[in-house]
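# Coordinates in review
Chain by chain, the residues run as shown.
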Amino acid sequence: MPRANHIPWWRTRRTQNVAFQVLLVVGVAVLGFVLVTNAMETIQRQNIATGFRFLNNTAGFDIVQTLIPYNETSTYARVLLVGVLNTLVVASIGIVFATLLGFVIGIGQLSSNWLVAKLCRAYVEIVRNVPLLLQIFFWYFAVLRALPGPRESWGLGDAVFLNSRGLYLPGPHTDQGFGFVLLALAAGVVGSFLVAARARRVREVTGVVTPVLPLVLTLIVVPVAIASAAAGFPVTFSWPALSGLNFDGGTVVLPELMALIVALATYTASYIGEIVRAGIQGVSRGQMEASQAMGLSRGQTLRLVIVPQAMRQIIPPLTSQYLNLTKNSSLAVAIAYPDLVSVFAGTSLSQTGQAIEIIAITMAVYLTLSLLTSAFMNWYNARVALTER
Amino acid sequence: MTQRRPPRVVMPGPVEWLRDNLFSSPLNALLTVLALFLVYWIVVPFFQWAIVDAAWSGTTREACLARENGACWPFIIQRIDQFIYGFYDLAQRWRVDLTLAGLAAGLMWLTLPGLPAKRGVGAVMLTAFPVVAFVLLVGGVGLERVPTERWGGLIITLVVAVVGIVASLPLGILLALGRRSELPVVKGLSVAFIEFWRGVPLITVLFMAANMLPLFMGVSVNKLLAALIAVALFSSAYMAEVIRGGLQAIPKGQYEAAAAMGLGYWQSMIFIILPQALRLSLPNIVGNFIGLLKDTSLVSIIGFFDLLGIAQAGTADAAWATPNTALTGYAFVGAVYWAMCFSMSRYSKHLEGVLASGEKR
């Protein structure tokens, strides 16, 4: 029996789908091939070296801020590491301040105090609508450059000095035996976690609330104190002091780093403020009323009912703001703070000319950071989704 | 029987308002005082600097040096042409004016409620206008050519932002559809493309365009074109995610209804799904545009003189070396960006309201 509406095999949905995808793959492959051949030809014509051997060559330039030992004879691989660490320094400090300020702004927007709420709202609307680069320039060129010179520094006691060369803080120096102190600290922290977990189990099973805080403090302070005493107090501080035209001793926070942190933190805080506001507003009113009806105090309501539910909404966009802050820290190149883009994709690239390799490595670093962040976000989402009913 | 009395009406006077909103508790009173102090500490010196102590007249830096605690407005007034046109040929600036006027008229038509034929105007703005604007700005067809190296100021800022958003729209739609596709290869490629561009900072993308694009193309590429390609690719990934959000909000019934009517994939997308999804994503597309407009300032790092670049160049110019030049330049450019971004974010809010009221029955 002939089937009237028989579809020939080349017109079935399946065939078409396969054919379309094969064509797409071929198209992408051809595009890639053309680009790569072009690049190879140009590279040969312009006599640019290829490959990653340059990473072992001597970089020959100095970097003003290094967390690890580095000098002009270090290799480009070392430059890469210094750059990544400097990026992480800006990002981690920036994230801490952005979070603190952002939560203040977010909660402030919901304040029953009219003036505070309006002020926080105005902050968000002003800071969020001006380009970050402009704000970095503002802090660096207009504010920090206008600070007094070293001789007229603003001082806070004899410990902290602020001038146009940077922020001078007492610098800790660790002597032998500091490892013991760290070990004691780690042990104390682990112990505290165990104690806290046990207290929670007890509370969940029996309803008896055990105050944990004094115990935890003892667990952390006592071992650290004993270890420090045993090792002969292995941390000494050197204090910044004016000698001649500049400061000696202590540690210095470069003005570039300061400008970057202030700009990144204040800018990101305006976004975090909105996220926090939306998160808190997203918790339905009934929740607050119900917890008050159950006799929970205002503090308990906030801590046990509102914040956990708000956090579920806040954390995912918050992590992507952290990621944005990290990516935005690449604007460091505009004020010559030695971050990854500045020392590696900037100075190293112009010295070696190996654009493809260097930009690929730079992008790979940022991509790794973002993939790690989204992995965390997925893990977190899965976790909070499980506790939902 | 008791006499019926009208309810007592308490009109909250200013004293009650103050008590309820500013001094309801000791903590609130303290916060109010702190906030007042903060306002006084920021706002008053700012006005002092920007208006009272500022230099308003004069044509050289001497006028500003005389008022050392105030803004140097003559710097802006004397250079306003640079801030708008960059170094665009003096005799040809009418072409820029015409383009800007066209852009402004088109946008006003699209955003003001109550004007007819929005769909047609929108289509013209997305298709014919870019072509006309290109010819007007670049030259050709009887117009003198103005090399892009001479462009600057607001023109560069707007060209990068508008080209970025217009070019990223079709690409973003395709990527969003690709990411939701059932075909594994299409989906995989779309996800990889989107996540790659979203995972790297724009500045590395611009560096890539400046350094790698000439290598890959095998020929030297116009610097502005390279930057535009970079911005378009970069923002298409963000656009794709915004449109994907819109696509996800379309109920499954719409897809099924389209399929039941015998529409194929592209037919159902073009006639049923996309019109709804794009309408839903409109507020976020505007939000994307705000982000892009702010991000255009990054082109000043790779050597363009956009709005920020012109301000930055002015601060380095010995002819205007005063203690207040940099701050004045940033204040002016910041105000321009702020006005553009803030009005757009208001518009996006308004759109959200309109869409929400349309959903309510």
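Here, every reference points to the structure presented above.
My aim in this report is to walk through the structure given alongside it, one point at a time. (Residues numbered from 1 in each chain as written. Chains lettered and ligands numbered in written order. Predicted model: local features only at pLDDT ≥ 70, side-chain atom pairs only at ≥ 80, totals over all residues.)

Each turn of an α-helix holds 3.6 residues, which means side chains three or four residues apart point in the same direction. The buried count for helix α11 (residues 202–211) of chain B comes to ten of ten residues, which makes it a mostly enclosed element. Inspection of α11(B) places B:L202, B:I203, B:T204, B:V205, B:L206, B:F207, B:M208, B:A209, B:A210 and B:N211 among the buried residues, and these make up the whole buried set. (Buried ≥ 20, exposed ≤ 12 C-beta atoms within 10 Å, placed from the backbone. Helix = DSSP H or I, 4+ residues; strand = E, 2+ residues; numbered from the N terminus.)

The subject of this paragraph is the sheet that holds strand β2 (residues 160–163) of chain A. All names here are of chain A. Read across the open sheet, the four strands follow the order β1-β2-β3-β8; overall the sheet is antiparallel. With partners counted over all chains shown, the strands left at the sheet margins are β1 (154–156) and β8 (251–253), one partner each. Direction aside, neighbouring strands of the sheet carry axes that sit 20 degrees apart on average. As paired elements, β1 and β2 share three bridges and run antiparallel to each other. Along β2, the bridge assignment pairs G155 with F161. (Pairing = 2+ DSSP bridges. Axes fitted to C-alpha atoms, helices over the stretch in contact; angles between N-to-C directions.)

Phi is positive for A:A336, which is not a glycine, with a value near 60 degrees. One can find A:A336 in the loop between α9 (298–328) and α10 (340–352). The exposure class of A:A336 is partly exposed, given the 15 C-beta atoms found within 10 Å. Its identity as a non-glycine residue notwithstanding, B:A117 has a phi of 55 degrees, on the positive side. On the secondary structure map, B:A117 appears in the loop between α6 (93–111) and α7 (118–126). What makes B:A117 exposed here is the crowd of 10 C-beta atoms within 10 Å.

All names here are of chain A. Going residue by residue along β2, you find F161 and N163 tucked away on one face and V160 and L162 left uncovered on the opposite face. Linking β1 to β2, which pair antiparallel, is a turn of three residues; within it G157 sits at a positive phi near 65 degrees. Both β2 and strand β3 (residues 166–169) contribute to a ladder of three bridges, which runs antiparallel. By the bridge assignment for β3, F161 is matched with Y168. The hairpin turn running from β2 into β3, its antiparallel successor, is two residues long.

So, on to the nonpolar core. Ranked by size, the top nonpolar core spans 152 residues in total, and within it A:I136, A:L260, B:L206 and B:Y330 carry the most contacts. With 15 residues, the top contributor of residues to this core is helix α7 (residues 255–282) of chain A. Setting aside its immediate chain neighbours within four residues, A:I136 contacts A:A259, A:L260, A:A263, A:L331, A:A334 and A:I335. (Core = buried A, V, L, I, M, F, W, Y, C linked by C-beta atoms within 7 Å. Contact = placed C-beta atoms within 7 Å.)

Turning next to the packing of α11(B) against helix α13 (residues 223–248) of chain B. Residues and elements named next belong to chain B. Across the interface, α11 lies against α13 with an axial gap of 9 Å and an inter-helix angle of 140 degrees. With respect to α13, the element α11 is oriented oblique. In this structure, α11 meets α13 at a crossing whose hand is right-handed. Side by side, α11 and α13 meet where L202, V205, L206, M208, A209 and A210 of the first sit next to K223, A226, A227, I229, A230 and F234 of the second. Of the residues contributing to the contact of α11 with α13, the split by class is eleven nonpolar, no polar and one charged. (Parallel < 35°, antiparallel > 145°, perpendicular 65-115°, else oblique. Left-handed = near helix turned anticlockwise from the far one by under 90°. Nonpolar A, V, L, I, M, F, W, Y, C, P; charged D, E, K, R; others polar.)

The next point concerns the interface of chain B and chain A. Listed per partner, the contact involves 44 residues of chain B and 47 residues of chain A. For the side of chain B that touches chain A, the secondary structure elements donating two or more residues are α2 (26–52), α10 (184–199), α11, α12 (213–217), α16 (307–316) and α17 (325–359) of chain B. Among the elements that line the side of chain B that touches chain A, the one with the most residues is α17(B), at ten residues. Counted by class, the side of chain B that touches chain A contains 30 nonpolar, 13 polar and one charged residues.

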